[in-house]
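Here is what each chain is made of, one letter per residue.
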Amino acid sequence: MSNSTLSFAGQSNRWNTAEDAAAVVKAIEEHKNLVTLDLENNTLGPEAAKVIGDALAKHPEFKRAHFKDLFTGRLKTEIPLALKHLFSGINRANAQLLELDLSDNALGPVGVEGMVDFMSSRSCYTLEELRLNNNGLGITGGTMLVKSLKALLENSTRDGQPWKLKVFIAGRNRLEKVGAKMFAPIFRCLGSLEEIVMPQNGIFHEGIAALAEALSHNPNLRVLNLNDNTFTKKGAVAMAKHLPKMQSLEVINFGDCLLRNSGASALAVALVPGHMMLRELYLDGNELTAEGGLSIVEAVQNKPNLTKLMMDDNVFGESGQEMIENFLKDVGKLDAWVPLENNAPTDSEMEDEDEEDDDKSSEEESEEEEEKEKDDAAVQSDDDDDADVEIVSEYIAKPASAVSKDAGSLDSSFIVGPITPVESTAVDYIACPSASRLLGLPVSQLTTEVFIAAATADCVTPDQEISSLVRLLVQSAALSHTHDAQLLAAVSSVVQTLGKAIFSRAEEHMLVSFTTNTLLVYLGLIKCEDKKFSVTWEQRGVLRSLATLVKEKYFPQDAKNTLTYFISRPSPRLDAMPEEKNKLLEALAC
């Protein structure tokens, strides 16, 4: 142990009176260079605390107060008095603390009363580490502490020694979303945080969003632990929006945060382009299926320092686990994978097990029914084959040029000209985008101001505006699956108008990741939280339009990187359109 450290840790002493604490006082007074005092796992009463505080008053060099688990069995009223005595001695010594650890003390709001004056004092101007884990602060205690820390910020700045906290630990304190929102402005103003640990605080998505925004102003943040709070998709999207500004992160712990697939996909999009310092990622217990798990492992495959990937207690099933582990093996990251101990089976796997006995018991009956169905199907097949032969024969009998121009004979989504315009307004078109309505728009309705205003009329926030505009862009781009020159020109003009509006908003409100994620949803490449959502528009036209759009200067490079990553992945939807997919990938590479 260092000569600058005095420790009574783990001795289970019960210091009630001045006499009980005599040995501690003597040791403190005789210590020539007392930098660290460790009193962990003893129990301290007010009278003993007073004489220990008096002894500390003689040590201006004192910097680290390890007062963890120090009040077991004490009355609530004793704790604030004991704290005040200890802190009074530190103040009288004019000591400049670097570390204060009060973890595992049942402080509650009453105990915080013994802290508030000290926390705004000069002795805390230099405080770098504040550890308040498992103190039962609650919203009331958290409010009191925030007021004190705000005063500390103001006082230290006024005196030319701005407070630069590096480590803040406050897990298991029932802070909830209210407490998170109160601490957020403090974190935002600090800008110096390197480690935030706030697990098990009952924080819902509003609080997560507030913390994410505040922490994005701390560029040196290395550790972010919000384990066992409730993100849901909204919290995950909010975090994903701000993660790109936290490029120093080495450890991310969002385990047991109810991310589900949609939240995991949002985080994956944010992680893909950067975060090269990431060493550990915890996403266990988030109800992820194989889809969500794959989105994460694909996002971290390019992280050179990754040594730990924890995704236990999800719903990958055997096949999903195998896919994830095979992928990690292929990209050389299997060593980082923490073996699963609790991998729940998927619904389909459970259904297969439940139905196995039923299948066996009805096997003979099924065989008889199958034979009958084959006979019936054979009769029906004769009629169906005749119809198919007529269609295919007509198709192959035409010259190639005719087949191309009349693609609608086999592709019902292909728009065959000429198209009769239907007089409409921007509002009409946005309500139901169609080729006829687009060609029927007068020039006055196609101006950027009018068109964008109509498209965002019902939106309140920037992210709502972007979602609305991205959907309209995709629906409009789908109309370019045609050879009609007039329609192609109209679609190109509208897509350019929408593209500029979307990404100018995205840059202005720091929503590029959110925008890219939204575009991926409408391309059908990641899942939408809304279970009723489905891709109903033609994708060839969308891919062709995007191939032009991504070449524009206003299209962010981060968005291009993310699109490249997801579009280059195997996808039954896009692989059915190899020409359009490859052209888009070529454009993204430019």
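Residues numbered from 1 in each chain as written. Predicted model: local features only at pLDDT ≥ 70, side-chain atom pairs only at ≥ 80, totals over all residues. Heavy atoms only, no water.

Quick look at the packing of helix H19 (residues 462-477) against helix H20 (residues 485-508)
Piece 1. Running from amino to carboxyl end, H19 crosses H20 at an angle of 160°, the nearest separation of the two axes being 9 Å. As judged from the angle between their axes, H19 and H20 are roughly antiparallel. As for the relative orientation of H19 and H20, their crossing is left-handed in sense. For the pair formed by H19 and H20, the contact residues are Glu465, Ile466, Leu469, Val470, Leu472, Leu473, Ser476 and Ala477 on the first element and Val491, Val494, Val495, Leu498, Gly499, Ala501, Ile502, Arg505 and Ala506 on the second.
Piece 2. Split into classes, the residues belonging to the contact of H19 with H20 amount to 13 nonpolar, 2 polar and 2 charged. (Axes fitted to C-alpha atoms, helices over the stretch in contact; angles between N-to-C directions. Helix = DSSP H or I, 4+ residues; strand = E, 2+ residues; numbered from the N terminus. Parallel < 35°, antiparallel > 145°, perpendicular 65-115°, else oblique. Left-handed = near helix turned anticlockwise from the far one by under 90°. Contact = heavy atoms within 4.5 Å. Nonpolar A, V, L, I, M, F, W, Y, C, P; charged D, E, K, R; others polar.)

Section: the packing of aromatic side chains
The geometry of an aromatic ring pair comes down to the distance between the two centres and the angle between the two planes.
Piece 1. Per the stated rule, a full pass over the model turns up 9 aromatic pairs.
Piece 2. With a centroid separation of 5.3 Å and 45° between ring planes, the pair formed by Phe168 and Phe183 is classed as tilted. Highlighted residues: Phe168 in strand S8 (residues 167-169) and Phe183 in helix H7 (residues 176-190), separated in sequence by 15 residues. Taken as a pair, Phe168 and Phe183 share a single burial class, namely buried. (Phe/Tyr/Trp six-rings, centres within 6.5 Å; stacked < 30°, edge-to-face > 60°. Buried < 20%, exposed > 50% of the residue type's maximum accessible area, 1.4 Å probe, protein only.)

Points about the side chain of Glu280
Piece 1. Secondary-structure assignment places Glu280 in strand S12 (residues 280-282).
Piece 2. You can call Glu280 buried: its relative accessible area is 18%.
Piece 3. If we ignore the near neighbours within four places in the chain, the residues touching Glu280 are Glu250, Val251, Ile252, Leu306, Thr307 and Lys308.

Quick word on the pattern of salt bridges
Piece 1. Evaluated as defined, the whole model comprises 23 salt bridges.
Piece 2. For Arg188, the salt bridge identified is with Glu213, shortest N-O distance 3.2 Å. Residue Arg188 is found in helix H7, and its partner Glu213 is found in helix H8 (residues 205-215); the two are separated by 25 residues along the sequence.
Piece 3. Between Asp575 and Lys581 there is a salt bridge whose closest N-O contact spans 2.6 Å.
Piece 4. Among the residues examined, Asp575 registers a relative accessible area of 37% and is labelled partly exposed. (Salt bridge = Lys/Arg side-chain N within 4 Å of Asp/Glu carboxyl O.)

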